[in-house]
Amino acid sequence: MRLVRCPLCGATNYEHSRCYRCSSWVDLDKKGSLSKAIAFLIAALIFYIPANIYPILKTAQFADTKGSTIIEGVIELWHSGDYPVALIILFASVMIPILKFLILIYLIIAIAKGSCKGVEQKVRLYHLIEVTGPWSLIDVFVVVILVALIHFHSVAIVPGPGATSFALMVLLTLLASKSLDPRLIGEDCGK
Amino acid sequence: MLDLKKLIICPRCGALHKKRRLDFGEVALCSVCEEKLMQSCKGVEYKVLAFSFAGIIFFLIANLFSIVSIDIGGLDASMRLYEAIYRLFEEGYVLIAFFSFLVLELYPALLMVALMMYGFAMILGKKEGARSILRVVASLEEWSMVDIFFVSILVAMVKVYEYASIEFGIAFWSMAIFVAIEIYLVRFIGTQTLWEAWQRRFDEAG
Ligand SMILES: [Zn+2]
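As the structure is a prediction and not an experimental result, all values here were calculated from the model.

Peer 1: Account for the coordination of the zinc ion, with residues named and values stated.
Peer 2: All names here are of chain A. Taken together, C6 (SG), C9 (SG), C19 (SG) and C22 (SG) make up the protein donors of the zinc ion, found 2.2 to 2.3 Å from the metal. One can describe the site at the zinc ion as tetrahedral: its four donor atoms subtend angles covering 103 to 117° at the metal. The sequence pattern formed by the donor residues of the zinc ion is C-x2-C-x9-C-x2-C. Note that C6 is positioned in the loop between β1 (3-5) and β2 (12-14) and C22 in the loop between β2 and α1 (30-53), a separation of 16 residues in sequence. Taking relative accessible area as the criterion, C6 reaches 2% and is therefore assigned buried.

See below:
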């Protein structure tokens, strides 16, 4: 009988059993894991478009309202000379989501095909998106903070319709990567 | 039959290892890929109890006082965490408000309380209690995002510092300490170590 690592507590168990330590099921559910991941991924891709074309926040100054999208926010920071922060946001809000989409699609295809090439690199890619993924939420929390702080009569910042789409997009990619069981990468590859 | 309790599989490369007792401060690495496998869990319940108690205190301060105050040409405003979340709710952004409430208020608070209860259950010898609490901790830990919010405060301030004077409040510094405590408990100690301590306390002692 094969030994597997419990997904919840990390204990070593025989397959087809409940974990002796935390009593969760230890079996790998390839079909369930893949279909959940694909469903969340598609939903995330749908929200990706409005998240990027609609402004995530609006500045209302007297009668004038100006919205800014994710990309415009990065450009504004760059123009005001805050290069490190502009780069952080560029990375967190633009690069990480794209990278996550590409890596998730790549891993889903690799798992579905049962590929045995570069298993260790794939596991590393999975951990990369697990660690960096939540940081895309910086832009959402920046909206929360600015909206709370700046609401005077003369000038106010309000959220834009893109904010909800962006938050949903990030949340759905988080759920997609969490439903993808990393133990499936390189499963049955002569371990 | 193998003694499963004495075996550990590397989470990264899947290599099988035999556990051995670690001395205080010792860390075991995978012999193939050098991933951290386990660390000494001696007295970990006391550390968890002390740090989670401190975490709860700093979390309360971070919530009750103002995080940051700004002054824009005579107009001033300050912000508390729950006020910020409520403000978004008022603006009609219910989904973001609800999500922020979960990952910035409810889950971090529950996580600290659960860790404190783990400490008590371990010290008092409640085997089943500690087990169910640990299952809760494992599902909560990845959904606390106070660390990301803390970085977001700094980014938001960069966006306004040109035309506003900024003053960080006591809640800001408390939040920084809370984040450090949380990283220590969740990343440096980690639930894996808490499970090992649980197993050692209740299974091996008989
Ligand atoms: Zn388990």
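Having seen it, we continue.
Peer 1: Tell me about the environment of V74(A), and name the residues and values.
Peer 2: Residues and elements named next belong to chain A. When you line up the elements, V74 lands in helix α2 (residues 70-79). Between the C-alpha atoms of V74 and D188, which are 114 residues apart in sequence, the distance is 44 Å. Leave out the neighbours within four places in its chain, and V74 touches A86, I89 and L90.

Peer 1: Quick one: what's the story with the packing of helix α5 (residues 138-149) of chain A against helix α5 (residues 146-160) of chain B, residue by residue and with numbers?
Peer 2: Running from N to C, α5(A) and α5(B) cross one another at 60°; their axes reach a closest spacing of 8 Å. On the basis of the axis angle, α5(A) is oblique to α5(B). Crossing handedness for the pair α5(A) and α5(B): right-handed. Facing I138(A), F141(A), V142(A), I145(A), L146(A) and L149(A) of α5(A), the residues of α5(B) in contact are I148(B), F149(B), V151(B), S152(B), I153(B), V155(B), A156(B), M157(B), K159(B) and V160(B). Of the residues that constitute the contact of α5(A) with α5(B), the class distribution is 14 nonpolar, one polar and one charged.

Peer 1: Before we move on, can you summarise the sheet that holds strand β6 (residues 75-79) of chain B with the specific residues and values?
Peer 2: Read from one edge to the other, the open sheet built from three strands follows the order β6-β5-β7 (chain B), with strand pairing classed as antiparallel. Sheet topology places β6 and β7 (165-168) of chain B at the edges, where each strand pairs with a single neighbour. Between one strand axis and the next, the sheet turns by 15° as a mean value, whatever way the strands run. Strand direction decides the pairing type here: strand β5 (residues 68-72) of chain B and β6(B), joined by five bridges, are antiparallel. Its bridge partner lying in β6(B), I70(B) is registered against A77(B). α5(A) rests against β5 and β6 of chain B of the sheet, and its axis sits at about 135° to β6(B).

Peer 1: So what's going on with helix α3 (residues 83-113) of chain A? Which residues, and what values?
Peer 2: The end-to-end C-alpha separation of α3(A) is 42 Å, in line with the 45 Å expected for 31 residues at 1.5 Å each. Positive phi appears at G114(A), one or two residues downstream of α3(A), with a value of about 70°.

Peer 1: Give me the lowdown on the packing of α2(A) against α3(A), citing residues and values where you can.
Peer 2: Residues and elements named next belong to chain A. Look at α2 against α3: their axes get within 8 Å of each other, and the N-to-C directions meet at 165°. As summarised for this structure, α2 and α3 are arranged roughly antiparallel, according to the angle between their axes. By crossing handedness, the relation of α2 to α3 is classed as left-handed. Only Y83, V85, A86, L87, I89, L90, S93 and V94 of α3 make contact with α2, whose side of the interface consists of I70, I71, V74, L77 and W78. Split into classes, the residues belonging to the contact of α2 with α3 amount to 12 nonpolar, one polar and no charged.

Peer 1: So what about the interface of chain B and chain A? Which residues, and what values?
Peer 2: Size of an interface, as often reported, equals the accessible area lost when the parts are brought together. Of the residues lining the interface, 57 residues belong to chain B; the matching set on chain A comes to 54 residues. Between chain B and chain A, a total of about 5,200 Å² is buried, with carbon and sulfur atoms accounting for 74% of that surface. Inspection of the region where chain B meets chain A yields 14 residue pairs in polar contact (both at pLDDT 80 or more). Secondary-structure elements contributing two or more residues to the side of chain B that touches chain A are β1 (7-9), β5, β6, α2 (81-90), α3 (94-124), α4 (127-140), α5 and α6 (170-204) of chain B. Ranked by residue count, the leading element in the side of chain B that touches chain A is α5(B), at 12 residues. Of the residues in the side of chain B that touches chain A, the class split is 39 nonpolar, five polar and 13 charged.

Peer 1: Which residues make up unusual backbone geometry, and what values do they have?
Peer 2: Comment: phi is negative for the bulk of residues other than glycine, and the bulk of peptide bonds are trans. Residues and elements named next belong to chain A. Phi is positive for H16, close to 55°, though the residue is something other than glycine. Counting through the fold element by element, H16 comes out in the loop between β2 and α1. On the accessibility criterion, H16 (57% relative accessible area) is exposed. A positive phi angle, close to 60°, is found at S23, a residue other than glycine. With respect to the secondary-structure elements, S23 resides in the loop between β2 and α1.

Cut-offs and rules
Residues numbered from 1 in each chain as written. Chains lettered and ligands numbered in written order. Predicted model: local features only at pLDDT ≥ 70, side-chain atom pairs only at ≥ 80, totals over all residues. Heavy atoms only, no water. Donors = N, O, S within 2.8 Å, 3.2 Å for Na, K, Ca; no water. Tetrahedral: all angles 85-135°; square planar, octahedral: opposite > 155°, others 65-115°. Helix = DSSP H or I, 4+ residues; strand = E, 2+ residues; numbered from the N terminus. Buried < 20%, exposed > 50% of the residue type's maximum accessible area, 1.4 Å probe, protein only. Contact = heavy atoms within 4.5 Å. Axes fitted to C-alpha atoms, helices over the stretch in contact; angles between N-to-C directions. Parallel < 35°, antiparallel > 145°, perpendicular 65-115°, else oblique. Left-handed = near helix turned anticlockwise from the far one by under 90°. Nonpolar A, V, L, I, M, F, W, Y, C, P; charged D, E, K, R; others polar. Pairing = 2+ DSSP bridges. Expected span 1.5 Å × (residues − 1). Buried area = accessible area lost by both parts, 1.4 Å probe. Polar contact = N/O pair within 3.5 Å; in protein donor to acceptor, adjacent residues only side chain to side chain.

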